Amino acid sequence: MNQSKVMRGFLDTGLLLLMLFSYISSSVSSSHYSPSCQSHEQFHLNGMHKNGDVILGGLFKIHFFSTDPDLSFTSQPQLPTCYGFNIIGFREAQTMAFAIDEINRNSNLLLNVTLGYSLYDNCFDLGIAFRAALTLVSGQEEQVTLEENCVGTPPVLGIVGDSSSTRSIAISTVLGLYRVPLVSYYASCSCLSDQQKFPSFFRTIPSDAFQVNAMIQILKRFGWTWTGLLISDDDYGVHAARSFHSDLGPAGGGCLAYTEILPWGDDPAELRRIVDVMRKSTARVVIAFSNMARMINLIKEVVRQNVTGLQWIASEAWTSADVLQTPHLMPYLGGTLGTAVRRGEIPGLRDFLLQIRPDNTEGNSMVNQFWEHTFQCRFAPPSWVEAGGGLCTGQEVIQNVENELVDVSDLRAEYNVYKAVYAVAYALDDMLQCESGRGPFSNNTCAHLQRLEPWQLVYYLAKVNFTTSFGDEVSFDENGDTLPIYDIMNWVWLPDGRTIVQRVGEVKRSAFKGYKFTLNEDKIFWNFEPKQPPRSMCSESCPPGTRMARKKGEPECCFDCVSCSEGKISNTTDSMECTSCPEDFWSSPQRDHCVPKKTEFLSYHEPLGICLTTTSLLGTFICVVVLGIFIHHHSTPIVRANNSELSFLLLVSLKLCFLCSLLFIGRPILWTCQLRHAAFGISFVLCVSCILVKTMVVLAVFRASKPGGESSLKWFGAVQQRGTVLVLTSVQAAICTVWLVSASPVPHKNTQYHSDKIVYECIVGSTIGFAVLLGYIGLLAVLSCLLAFLAKNLPDNFNEAKLITFSMLIFCAVWVAFVPAYISSPGKYADAVEVFAILASSFGLLVALFGPKCYIILLRPERNTKKAIMGRGNTR
């Protein structure tokens, strides 16, 4: 903000306050020794008056301009320093006069009490408005007789006005000290809601905070998140800018591309700079929170630079400005959306305005000025410096001239004036109807007509509640603000070139229904091709599956769209963060929803599982076939040799080894996890135990065949062989039991291998238990291998030592290779490696031990004789 202008405002306000206090001090000092108050001097102002039992004051903008006002007191009458008659302001003042006249004729309101008024022209000037306010609260009489201590009913009980926020701030600051109510009809600055600073201020226009919120709702409705803001350099614009900066992001999710302050007066260089910023910006929506005068200068520069393609959002100060609604401006301003003060209807106002006649009463100069302006004539003497032409007769007919006075089709500020007057009247009526002894003041007292105090009216104004004939509810909240309501307007450019401003919605807040925003989008005229609302955003919306990443040093509306990382999703537009999927879910390829994770385990339905299952069943089948062959030929020497019972038991254990591999295929569950390693361990120990016992029997038989070795056979009879196998297998069963009881294997969902997959596996529970189980099998296998190696020099035709040695070498090689392969294989491949090791070792034992015997039984039966086996037959 321009610091010199702010400082000038402070100095002006300070000078006015100093003037007020000196004025009051002189009045009080002159009345110190007398029961009357002596006015020091008088202001001479342009006004309009009517007597009554209770007088209400009013401040209105009857003229547009003023010369530098003389703030000193003077006893010499002088003409006002204002010029540029404002018919709209005059109509507002006449609306107050009409409302008071209507109240006086109302038999249900203020019975036996007549209201009067004193209305003054503020000339759009702070100094003149302040002088007018002082005149209203102190009176124009040179000497007023009062009761003792200068106490009595003041000249006015309350003031309706002012229309400007800046002037209302200055006036209310002083009037608040004496609790004189000021009811504004057009001062909308949100700062005036501070009841600590302005305890006697009320208004019938919504606060700018609500207007800002209404504009944010419009932006939100059309997705405009990137906007420019233009404000006037006064309280109206500055406080609105603060509200936009604080509320736009949280309420509408938008931000401002730029904020520019429109200059005072005509500053071509500054206006060129501002319009250049607008032209270069990517923001297609411009909010202009300024009065009409500054907007006129701005739009001239917009036209000069031919800046089109902008969507304007207008504040109520210029939404209805006729001067901007011209055909040559429509290429630039067509389609403007704006907020406007609620339009109302005031029955009888037009007839009242048509009855206006000149008034030659001293002090009532407003009507005469209107007459001179309208009919371009002058009274003798002239009532205004601008009067010219012939003499006015006072009989001129208003209907014969075209002017805005009697156009009551769009009453907005006038409707607020009407509501303000009625608010004061209803408050006064409630105050005068107070029952003695039941009043709200000290000792339950009531106010009296003869000694009314302004602060008493403030109390009742805060509680006023009524409904106008137009159906609008009027009341004030704890901040002095009325129930807010705004019309949403749209500038329509018709095909014939004409322009109309139509109502397309409203935004309001009621005492019972709360906040309500309605907008008829089908009625809105868009000044774009195609006839659709424009897009205005710094960055395109981020689609689902991405998140917003703020650009460093840029406003929050400027961002990049970054894809969600794996395992995270966003299923809404413009998501700030990506959310992680639940444990058993993973992000879809588009990252916009979660899908169940793929599951992985060694399945019966996949090629690898089918192959292993088939191999396992094939091995089982071969074991059954071999077992059948051995049973069928159980009486032959080759089957009976070296304990046929052990051979049968070995075939059964091998069949169990083949079958236990099936426990490793399929989705792991608790019982399969617990059973698979136990079955595997016990089956293989049973198998290796049988081989070990067979090896030991071979060695014992050959030792017994030597002189003195007969005694060794008694330790390897059938019972001892069965007992040895049982004991060795029981040790493994005990190991498995301890393992299952202490740290049982359990199924586990592993997500460490692949984030997007769930690998179902069995964790061994106790690594030590698993190692002991394998180690015990390995110990027996190594022992069998060593014993078989020791028997390698025995006669080939008699024993199985070489076959056992070869089978044990295959067995040990498979399981030595198994350990590193198992450790390095992830997920289902670890199970596949273990199944492969089981099948490979089982087939190695089956083929090495029983292949040659089956060959002899089936293909070389001549060798299946006792002589051949003992090595005494003729063999080839």
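I will try to describe carefully the structure that is included in this document. As the structure is a prediction and not an experimental result, all values here were calculated from the model.

1. Some points on the overall build of the protein
Working step 1: The secondary structure content of the protein amounts to 22 helices and 29 strands.
Working step 2: Expressed as a percentage of the 876 residues in the protein, the buried residues total 51%.
Working step 3: In the protein, of all internal contacts separated by at least 6 residues, the share reaching a separation of at least 24 is 69%.
Working step 4: Surface summary for the protein: the accessible area is close to 40500 Å², and the carbon and sulfur share equals 57%.

2. What to know about the sheet that holds strand E20 (residues 514-519)
Working step 1: Read across the open sheet, the 8 strands follow the order E12-E11-E13-E14-E15-E18-E19-E20; overall the sheet is mixed. Two strands in the sheet have a free side with no partner beyond their single neighbour: strand E12 (255-262) and E20. The sheet shows a mean angle of 25° between the axes of neighbouring strands, direction not considered.
Working step 2: Examined bridge by bridge, strand E15 (residues 337-341) and strand E18 (residues 485-493) share 5 bridges and lie antiparallel to one another. In the strand pairing of E18, Val-341 is matched with Tyr-486.
Working step 3: Contacting strand E11 (226-232), strand E13 (285-289), strand E14 (311-314), E15, E18, strand E19 (499-510) and E20, helix H5 (residues 208-221) runs over the sheet at an angle of about 45° to E20.

3. Here we look at the pairing of E11
Working step 1: Counting buried residues along E11, 7 of its 7 residues qualify, which places the element largely inside the surrounding structure.
Working step 2: What you see with E11 is no split at all: Trp-226, Gly-228, Leu-230 and Ser-232 on one side and Thr-227, Leu-229 and Ile-231 on the other are buried throughout.
Working step 3: Across 7 bridges, E11 lies against E12 in parallel orientation. Note that in E12 the partner of Thr-227 across the bridge is Leu-256.
Working step 4: In the sheet, E11 pairs with E13 via 5 bridges, with the strands oriented parallel.

4. Focus on the pattern of salt bridges
Where charged atoms of side chains with opposite charge meet at close range, the side chains can pair.
Working step 1: Scanning all chains against the criterion turns up 33 salt bridges.
Working step 2: Residue Asp-234 pairs with Arg-294 through a salt bridge whose shortest N-O separation is 3.7 Å. Here Asp-234, found in the loop between E11 and helix H6 (235-252), pairs with Arg-294, found in helix H8 (residues 292-305); they are 60 residues apart in sequence, far enough to count as distant. Across the pair, Arg-294 and Asp-234 agree in class, each one buried.
Working step 3: Among the salt bridges present, the one from Arg-412 reaches Asp-487, with a minimum N-O distance of 3.1 Å. Of this pair, Arg-412 sits in the loop between helix H11 (366-375) and helix H12 (413-432) while Asp-487 is found in strand E18, placing the two residues 75 residues apart along the sequence.
Working step 4: Relative accessible area serves as the criterion here: at 8%, Arg-412 is assigned to the buried category.
Working step 5: Overall, the relative accessible area of 1% leaves Asp-487 in the buried class.
Working step 6: If you follow the salt bridges from partner to partner, you end up with Arg-342, Asp-410, Arg-412, Asp-472, Asp-487, Arg-503, Glu-506 and Lys-508 in one network.

5. Brief notes about the state of the cysteines
Working step 1: Scanning all chains against the criterion turns up 10 disulfides.
Working step 2: With its sulfur 1.7 Å from that of its partner, Cys-82 forms a disulfide with Cys-123. Negative torsions about the S-S bond denote left-handed disulfides, and the value of about 105° found for Cys-82 with Cys-123 makes this one right-handed. Placement of Cys-82 in strand E5 (residues 82-85) and of Cys-123 in the loop between strand E6 (115-121) and helix H3 (126-138) is noted, with a sequence separation of 41 residues between them.
Working step 3: We classify Cys-82 as buried; its relative accessible area is 3%.

6. Section: the sheet that holds strand E27 (residues 598-600)
In a beta sheet, neighbouring strands pair by backbone hydrogen bonds and run either parallel or antiparallel.
Working step 1: In space, the 3 strands of this open sheet follow the order E27-E29-E28, with mixed pairing throughout. Each having just a single partner strand, E27 and strand E28 (746-750) make up the two edges of the open sheet. Looking at each pair of strands side by side, their axes are set apart by 25° on average, direction ignored.

7. Details of the nonpolar core
Working step 1: Membership of the largest hydrophobic core comes to 70 residues, with the highest contact counts inside it found for Phe-630, Phe-680, Phe-811, Trp-815 and Phe-850.
Working step 2: If you tally residues by element for this core, the top one is helix H21 (residues 828-859), at 15 residues.
Working step 3: Ignoring sequence-local partners within four residues, the contact set of Phe-811 consists of Phe-684, Val-688, Ile-777, Ala-781, Ser-841 and Leu-845.
Working step 4: By size, the runner-up hydrophobic cluster in this structure holds 69 residues, among which are Leu-349, Phe-370, Cys-377 and Ala-447.

8. With respect to unusual backbone geometry
Working step 1: Cis geometry is adopted by the peptide bond preceding Asp-162, which originates at Gly-161 and carries an omega value of -10°.
Working step 2: Turning to its location among the elements, Asp-162 is positioned in the loop between strand E8 (158-160) and helix H4 (165-175).
Working step 3: For the bond running from Glu-529 to Pro-530, omega is -5°, close enough to zero to count as cis.
Working step 4: Looking at the element boundaries, Pro-530 is found in the loop between E20 and strand E21 (546-550).
Working step 5: One non-glycine residue with positive phi stands out, namely Asn-306, at about 55°.

9. Notes on the packing of helix H2 (residues 87-104) against H11
Working step 1: Interhelical geometry of H2 versus H11 gives an angle of 145° and a closest axis separation of 11 Å. For the crossing formed where H2 meets H11, the hand is left-handed. Across from Ile-87, Phe-90 and Gln-94 in H2, the residues of H11 making contact are Met-366, Val-367, Phe-370 and His-373.

10. Brief notes about the packing of aromatic side chains
Working step 1: Enumeration according to the criterion identifies 39 aromatic pairs in this entry.
Working step 2: Judged by centre distance (6.4 Å) and plane angle (85°), the ring pair of Trp-312 and Trp-318 falls under edge-to-face.
Working step 3: Relative accessible area serves as the criterion here: at 0%, Trp-318 is assigned to the buried category.
Working step 4: Ring centres 5.8 Å apart and planes at 80° place the aromatic pair Tyr-415 and Phe-470 in the edge-to-face group. Here Tyr-415 is found in helix H12, whereas its partner Phe-470 is found in the loop between strand E16 (465-467) and strand E17 (473-475), with 55 residues between them in sequence.
Working step 5: By relative accessible area, which is 1% here, Tyr-415 ends up buried.
Working step 6: The class for Phe-470 is partly exposed, based on a relative accessible area of 25%.
Working step 7: Aromatic rings pair up to connect Phe-98, Phe-352, Tyr-418, Tyr-422, Tyr-426 and Phe-466 into one cluster.
Working step 8: Seen from the ring of Tyr-186, Lys-61 lies directly overhead, with NZ or CZ sitting 5.7 Å from the centre.
Working step 9: For the cation-ring pair, Arg-294 lies above Trp-264, with the distance from its terminal atom to the ring centre recorded as 4.4 Å.

11. Notes on H4
Residues three or four positions apart in an α-helix share a direction because the helix packs 3.6 residues into each turn.
Working step 1: Burial of H4 is extensive: 9 of the 11 residues sit out of reach of the surface.
Working step 2: Its side-chain oxygen placed 3.2 Å from the backbone nitrogen of Thr-166, Ser-164 serves as the N-cap of H4.

12. Things to note about the side chain of His-677
Working step 1: Mapped onto the elements, His-677 comes out in helix H17 (residues 670-704).
Working step 2: Take His-677: its relative accessible area is 2%, and that puts it in the buried class.
Working step 3: Residues in contact with His-677, not counting those within four places in the same chain, are Phe-664, Trp-739, Val-764, Phe-770, Leu-773 and Glu-834.

Each value, and the rule that gives it
Residues numbered from 1 in each chain as written. Predicted model: local features only at pLDDT ≥ 70, side-chain atom pairs only at ≥ 80, totals over all residues. Heavy atoms only, no water. Helix = DSSP H or I, 4+ residues; strand = E, 2+ residues; numbered from the N terminus. Buried < 20%, exposed > 50% of the residue type's maximum accessible area, 1.4 Å probe, protein only. Contact = heavy atoms within 4.5 Å. Areas by Shrake-Rupley, 256 points an atom, 1.4 Å probe, with all protein chains shown as cover. Pairing = 2+ DSSP bridges. Axes fitted to C-alpha atoms, helices over the stretch in contact; angles between N-to-C directions. Salt bridge = Lys/Arg side-chain N within 4 Å of Asp/Glu carboxyl O. Disulfide = S-S within 2.5 Å. Core = buried A, V, L, I, M, F, W, Y, C linked by side-chain atoms within 4.5 Å. Left-handed = near helix turned anticlockwise from the far one by under 90°. Phe/Tyr/Trp six-rings, centres within 6.5 Å; stacked < 30°, edge-to-face > 60°. Lys NZ or Arg CZ within 6 Å of the ring centre and 35° of its normal. Polar contact = N/O pair within 3.5 Å; in protein donor to acceptor, adjacent residues only side chain to side chain.

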